[in-house]
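Each chain, letter by letter, is given below.
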Amino acid sequence: AQSVTQLDSHVSVSEGTPVLLRCNYSSSYSPSLFWYVQHPNKGLQLLLKYTSAATLVKGINGFEAEFKKSETSFHLTKPSAHMSDAAEYFCVVSDNAPNDYKLSFGAGTTVTVRA
Amino acid sequence: DAGVTQSPTHLIKTRGQHVTLRCSPISGHKSVSWYQQVLGQGPQFIFQYYEKEERGRGNFPDRFSARQFPNYSSELNVNALLLGDSALYLCASSLVAQTRYNEQFFGPGTRLTVL
């Protein structure tokens with residue numbers, strides 16, 4: 001079984017300051033983990049993914065995330081927020097169980113960026 | 001290259017009616033997955049199809065059904081609509097079914113409102 005908990009439903013930051021979005025996961029296998037972003041009235045876009053290679057994963061638009069198995073966490077960070085980062089962010093897990101290829105999404109974190 | 005396309009963009013139905021949503025995957029992609037995103041929540045997995053066969057099914061009632069055609073496009077059907085079926089329905093396509101090394105690309109979604 002797989003599940004994701006996003007620890008913050010809403011994060012507000014000032015432009016130019018760091019962003020931290022927290023995610024904990026549960027998995028019975030060796031999971032793949034993803035972060036997706038959803039801008040208003042737009043589709044989901046993949047920011048980055050962990051698939052059992054390097055534990056520090058770099059994504060698009062300056063985002064990165066670190067897979068920590070001992071803490072079952074996959075937090076998303078960005079050193080300096082931009083106004084265009086305002087969106088909904090989803091942490092996603094896939095168990096990689098045999099014949100089970102679904103993605104399980106967290107409830108989402110809404111990011112607002114103050115000028 | 002065109003991304004994942006979905007039709008219609010929006011539709012409004014009344015309780016008890018039936019609805020068909022359509023999805024065209026990215027050219028060359030053989031797997032299509034469907035997700036339901038209720039307002040304020042993360043997407044929930046409904047179905048996955050690969051090579052025209054159902055490969056996974058989420059925790060949804062039998063009122064929900066889907067199929068994949070020889071050209072890999074897909075339809076999601078919902079019978080006997082309930083108010084709770086109001087949601088954004090997302091289609092995702094990928095080259096193959098496995099998620100570990102295989103990104104799922106999401107379409108913009110169909111917004112279904114049930115009155």
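Our structure's up above, just so we're on the same page.
Quick summary incoming for the structure in this document. (Residues numbered from 1 in each chain as written. Chains lettered and ligands numbered in written order. Predicted model: local features only at pLDDT ≥ 70, side-chain atom pairs only at ≥ 80, totals over all residues. Heavy atoms only, no water.)

### Topic: unusual backbone geometry
All names here are of chain B.
At step 1: In this structure, the amide linkage connecting S7 to the following residue, P8, adopts the cis form with an omega of -10°.
At step 2: For P8, the location among the structural elements is in the loop between β1 (5-7) and β2 (10-13).
At step 3: Positive phi, normally seen in glycine, also occurs at A80, with a value near 45°.
At step 4: Along the chain, A80 turns up in the loop between β8 (74-78) and β9 (87-94).
At step 5: Classification of A80 as partly exposed rests on a relative accessible area of 38%. (Helix = DSSP H or I, 4+ residues; strand = E, 2+ residues; numbered from the N terminus. Buried < 20%, exposed > 50% of the residue type's maximum accessible area, 1.4 Å probe, protein only.)

### Let's talk about the pattern of salt bridges
All names here are of chain B.
At step 1: Across all of its chains, the model carries nine salt bridges over all chains by this definition.
At step 2: In this structure, the salt-bridge partner of E75 is R22, at a minimum N-O distance of 3.5 Å. Pair noted here: E75 is in strand β8 and R22 is in strand β3 (residues 19-24), with a separation of 53 residues, a long-range link.
At step 3: Residue class for E75 comes out buried when judged on its relative accessible area of 11%.
At step 4: Residue class for R22 comes out partly exposed when judged on its relative accessible area of 42%.
At step 5: With a shortest N-O distance of 3.7 Å, E51 and K52 are connected by a salt bridge.
At step 6: Residue E51 is classed as partly exposed on the basis of its relative accessible area, which comes to 27%. (Salt bridge = Lys/Arg side-chain N within 4 Å of Asp/Glu carboxyl O.)

Worth remembering: the numbers are spatial, not functional.
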